[in-house]
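Below, each chain spelled out in residue letters.
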Amino acid sequence: MHPAHFTAEPSSTDPVERDLPVSDVSPARSEPHADRAPGRYDVIIAGCGPTGAMLAAELRLHDVRVLVLEKETEPVSAVRIVGLHIRSLELMAMRGLLERILPHGRRRPASAYFAAIAKPAPPGLDSRYAYLLGIPQPVIERLLEEHATELGAQVRRGCAVTGLAQDDEGVTVELADGEQLRSRYLVGCDGGRSTVRKLLGVGFPGEPARTESLMGEMEVAVPPEEIAAKLGEIRETHQRFWLRPAGAEVYSVLVPAAGVSDRAAPPTLEDFKRQLRAIAGTDFGVHSPRWLSRFGDATRLADHYRVGRVLLAGDAAHIHPPIGGQGLNLGVQDAVNLGWKLAARIRGWAPQALLDTYQAERRPVAAEVLDNTRAQTELLSTEPGAQALRRLLTELMDFDEVNLHLLKKITAIGIRYDFGAGPDLLGRRLPDIAVKQGHLYDLLHRGRGLLLDRTERLTVGGWSDRVDHLADTTAELDVPCVLLRPDGHVAWVGDDQQDLDEHLSRWFGEPVH
Ligand SMILES: Cc1cc2nc3c(=O)[nH]c(=O)nc-3n(C[C@H](O)[C@H](O)[C@H](O)COP(=O)(O)OP(=O)(O)OC[C@H]3O[C@@H](n4cnc5c(N)ncnc54)[C@H](O)[C@@H]3O)c2cc1C
């Protein structure tokens, strides 16, 4: 399999992708038997990290046959705590997952934690989920994988994707042991070093890592007071340094690495000891590591999110320093944006350009996240100019508007996709407002569109197999009606049936007559 085969321009009109015309396919059913043959999948996902697992679940909501291939035989053991921000919590609520996740995390008040400058959340945070949930990454990964498999996704571990070839009908995926599998689409959710992205030949421009950090959990041989005394002293000059209790006798350790390494292999305990001695003058007698890892501050964005029948999502499409805790959130949000669009393609009702909106909407969002992490990284520098800027920003964040602006950036609730001219609500997410049955997000668990209709005189007509209709004069809306996409973004605002029908066609394809 030769990579040059796969470097076509990403477009739904790409010659390598020839789907059936919509008129040939009933929107309510899947594509023809040839594609539904036993042993063939609609979508193969490379990588069962948070992005891959979430995408698998989203596709299963639409009865798409999904296989997830994961190269690791066991789930990861590195237990870094990640923060789920407001928009991700909203998405979990939209899929009925939040109740399952909450008991495993620690709720902290939302705050505009920008460049490690913490300020209390300003007034005006329009969300029922206005907090940060700290949760170990392996736990959220396990919960998302369980959710996907309960919905019917198949996960095969110990299967590394090593090759791919695409043609008019689908994609052939090659595994490390030479096995070949066939699917209609492939999505690379295989992380920052994505094999799928490299096989596609998609560029990943940006800045290489300037610094790296070592992170791990291990035991120490000195009393806590000694650690606390040293830590206070060191953190005056080094932000990327900590030793924190992380369970019985175990400490979480973060220390700058000696330099930037190209190795994917984890660091050794000796690497930690050397760096601790270099910075703290002692290695604190660290021993008995539970896990050791390394991460850098490289910042890169894929040139394309789609080449024909192969797509990229999550870290495979974008990487940036972990400051602000945004990477996992961004990947899960990619998955929710892509899932229903790809499913629509498989089910046969997708409007021609729908799949291309995935890149059009999500790539600019990632570009903004990359930019805010660049800005935050500069603000963490110990250079006098950066420190002065940091002091200035600290003052500015006392203004509620500045505080709110930054908080919306980090938590992804400020996103407005460009759906063309229209009221401010168009393209934004709708918060979980009260409706007559309870709350809006309870009505979005199945991943379908929703017409929220305060006029009680509109209809979703021939789209009722894809779009639900809630007639509710009491809904907490200050516009007559909204059409919501399955990802909870507002696709239309108005009160005119003909205008609504045009927008239903735009997002949900041809009606069934
Ligand atoms: C120290 C640190 C702290 C962080 N804190 C936060 C935080 O607070 N909040 C946040 O949102 N993000 C945080 N992140 C970022 C977050 O961890 C990543 O963005 C997230 O894991 C990306 O998810 P993913 O599923 O896209 O990729 P990954 O998690 O990298 O998953 C990719 C999966 O693909 C598999 N794979 C790779 N190659 C292949 C192949 N060829 N075939 C099959 N499978 C393959 C891998 O084994 C892996 O399971 C942090 C990162 C670091 C380093």
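Along each chain, residues carry numbers from 1 onward, in the same order as the chain's sequence is written. Since the coordinates come from a predicted model, pLDDT governs what is reported: local features require at least 70, and pairs of side-chain atoms require 80 or more to be given and counted, while whole-chain, interface and lining totals use all residues. Only hydrogens and water are set aside when side-chain values are computed; all heavy atoms of the structure are taken into account.

Another aspect to go through is the overall build of the protein chain. When helices and strands are counted, the protein chain shows twelve helices and 24 strands. The C-alpha radius of gyration computed for the protein chain amounts to 24 Å, which stays within 12% of the reference 24 Å derived for 513 residues, consistent with globular compactness. The buried label applies to any residue whose accessible area, calculated with a 1.4 Å probe on protein chains only, is under 20% of its type's maximum; exposed applies above 50%, and partly exposed to all values in between. With 513 residues in all, the protein chain has 54% of them scored as buried. Any pair of residues with heavy atoms lying within 4.5 Å of one another is described as a contacting pair. When contacts within the protein chain are restricted to residue pairs at least 6 apart in sequence, those whose partners lie at least 24 apart make up 71%. By element, 53% of the accessible surface of the protein chain is carried by carbon and sulfur atoms, the whole surface being about 21,600 Å². Only four residue types enter the charge count, namely Lys and Arg as positive and Asp and Glu as negative; His and the chain termini do not. Where a charge lies is defined by one atom per residue type: Lys uses NZ, Arg uses CZ, Asp uses CG and Glu uses CD. Here the protein chain contributes 59 positively and 72 negatively charged side chains, and the mean placements of these two sets differ by 2 Å. Secondary structure elements are taken from DSSP: a helix is a run of H or I of four residues or more, a strand is a run of E of two residues or more, and numbering for both begins at the N terminus. The globule rule used here is 2.2 Å times the number of residues to the 0.38 power, and the radius of gyration it is set against is calculated over C-alpha atoms. For accessible areas, the Shrake-Rupley method is used with a probe of radius 1.4 Å. Any residue's cover is judged against the shown protein chains and nothing else.

Let's shift gears to the pattern of salt bridges. Salt bridge, as applied in this entry: a Lys or Arg side-chain nitrogen positioned within 4 Å of an Asp or Glu carboxyl oxygen. All chains considered together, the criterion is met by 32 salt bridges. For Arg306, the salt bridge is made with Asp356, and the minimal N-O distance between the two is 2.7 Å. Of this pair, Arg306 sits in strand E16 (residues 306–307) while Asp356 sits in helix H9 (residues 356–379), placing them 50 residues apart in sequence. Residue class for Asp356 comes out partly exposed when judged on its relative accessible area of 26%. Residues Glu361 and Lys341 are paired through a salt bridge, measuring 2.8 Å at the closest nitrogen-oxygen approach. With Glu361 in helix H9 and Lys341 in helix H8 (residues 327–347), this residue pair connects regions lying 20 residues apart in the sequence.

Let us look at the sheet that holds strand E10 (residues 206–207). The pairing criterion for strands is at least two bridges between them, as found by DSSP. One open sheet holds the three strands; their spatial order is E10-E15-E18, and the pairing between them is antiparallel. Taken across any chain shown, the strands that pair with only one partner, and hence form the sheet edges, are E10 and strand E18 (318–319). The pairing of E10 with strand E15 (residues 299–301) spans two bridges and is antiparallel. When the bridges of E15 are listed, Glu207 appears paired with Thr299. On top of the sheet, H9 reaches E10, E15 and E18; it is set at about 170° to E15, its chief contact. All axes here are fitted lines through C-alpha atoms, helices being fitted over the stretch that makes contact, and every angle between N-to-C directions spans 0 to 180 degrees.

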